[in-house]
Every structure is written in structure tokens, then in C-alpha cells.
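So you can see what is in the structure, the chains are spelled out below.
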Amino acid sequence: MRVLVLALALLALPLQAEEAPLRPSASLLFKYPELLRPGSCTVYREGGAGWIMVEPMYYLRGTVVSSEVTTRQLQQCPAVPGKTREQYTRQEYVRLVQATPCLAAGEAEREVQLGIVRLRVDDWETPHVRKAENTGRLYRGQFLDRPLQQGMEIELEADLLGPCDP
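Bear in mind the structure is a predicted one, so any value in this text is a computation, not a measurement. (Residues numbered from 1 in each chain as written. Predicted model: local features only at pLDDT ≥ 70, side-chain atom pairs only at ≥ 80, totals over all residues. Heavy atoms only, no water.)

(A) Focus on the overall build of the chain. When its secondary structure is counted, the chain shows three helices and eight strands. For the chain, the succession of helices and strands along the chain, N to C, is α-α-β-β-α-β-β-β-β-β-β. Within the chain, residue pairs in contact and separated by at least 24 positions form 71% of the contacts whose partners lie at least 6 positions apart. Carbon and sulfur atoms make up 56% of the accessible area of the chain, which amounts to about 10,800 Å² in all. (Helix = DSSP H or I, 4+ residues; strand = E, 2+ residues; numbered from the N terminus. Contact = heavy atoms within 4.5 Å. Areas by Shrake-Rupley, 256 points an atom, 1.4 Å probe, with all protein chains shown as cover.)

Printed below as a string of C-alpha cells:
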């Protein structure tokens, strides 16, 4: 009997090894599905850092349309030779964020499972100062490179979202 159990365990190991690992966004959908069910209010926030001189908080509030766990092949992060992230143009920064999650140079490509939430935009507040150009997805009335409009739909990883304030 022990031999049978051991044989089954050994046969199951290769099947478990092939499954793509869960990122925090996918784990969140499994652990707290009620937070991101269709029709619920959710918010994406940026800024607010600092202890004494607190940065302004920017946000995008929306209604969850759908959420799912999807498998994605991670690629190398796009790099701009000779520039640090702070020196990127808005277009270079957007290209990097759209590729995220991605791998550092030299890392082997692999699959991961992501928790993706599609939401309908209801309200937003974005930064307009030039220094905010490469600090987040929200900038000058846009989400990445798309002008924000009420009712438009966007996708984000679940772990970037939080519940709306009551």
C-alpha cells in the first residue's frame, strides 16, 4: 500500500511542476473573490507617499465588469540603453508599464498566472505636473496612453486595486 501511495505521489510531481506559479494578483482572486465581483466599486490609487510632506493622492474609480485568472508568458522588460527609468519619455515609460510584469535582463522566460480585473471607469483625478510623467499609469487625464472617459473599460492586475471608500 505504501508503495502505491509513493508511486502516485511521484507521478503527480511532474504535473504540479508544469503549472504556472500564481502572482499575488491571481492569489487575491482566489482568496477574496467577493472584493472583485462584477458590479462592485473598486479604486486604483497612486501617490500619497511621504511622512511630513505627503504627496497628493491620485485615483481612478470604477465598477468591476469581470475578473479572471489568466496565464501569461513573461518576456524581458523593454530597456532604453543609456537611460534610467527617471529619464524615460512618457512613451518609453508606457511601453515598460504595458510589458509589466516582465523579467530583468538575463532571466529565463516563464509563464505565470495573473489575476486580471476589467473595470468600467466612473471617476478619476490625475496629476498634471511634469515630474509625475514617469511615476504612474495616471497622467494628464490619461490612463497610460489612453484619454480617460466615463464608461471606458480598462484592465489591471487585481492586487493594484482596493475597495472604494464607504
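(B) Geometry of the side chain of Glu133. The residue Glu133 is located in the loop between β3 (110–125) and β4 (138–139) in this model. Residue classification places Glu133 among the buried positions, given a relative accessible area of 14%. Among residues more than four places away in sequence, those in contact with Glu133 are Arg90, Tyr93 and Tyr139. (Buried < 20%, exposed > 50% of the residue type's maximum accessible area, 1.4 Å probe, protein only.)

(C) Highlighting helix α3 (residues 90–99). Three or more residues of α3 are buried, namely Arg90, Glu92, Tyr93, Val94, Leu96 and Val97. Where α3 is buried, its residues touch β4.

(D) Highlighting the environment of Gln76. Tracing the chain through its elements places Gln76 in the loop between β2 (57–74) and α3. The exposure class of Gln76 is partly exposed, given its relative accessible area of 32%. Sequence-wise, Gln76 and Ala108 are 32 residues apart; in three dimensions their C-alpha atoms are separated by 8.5 Å. Within the structure, the side chain of Gln76 is placed 2.6 Å from the backbone oxygen of Glu107, a separation counted as a polar contact. (Polar contact = N/O pair within 3.5 Å; in protein donor to acceptor, adjacent residues only side chain to side chain.)

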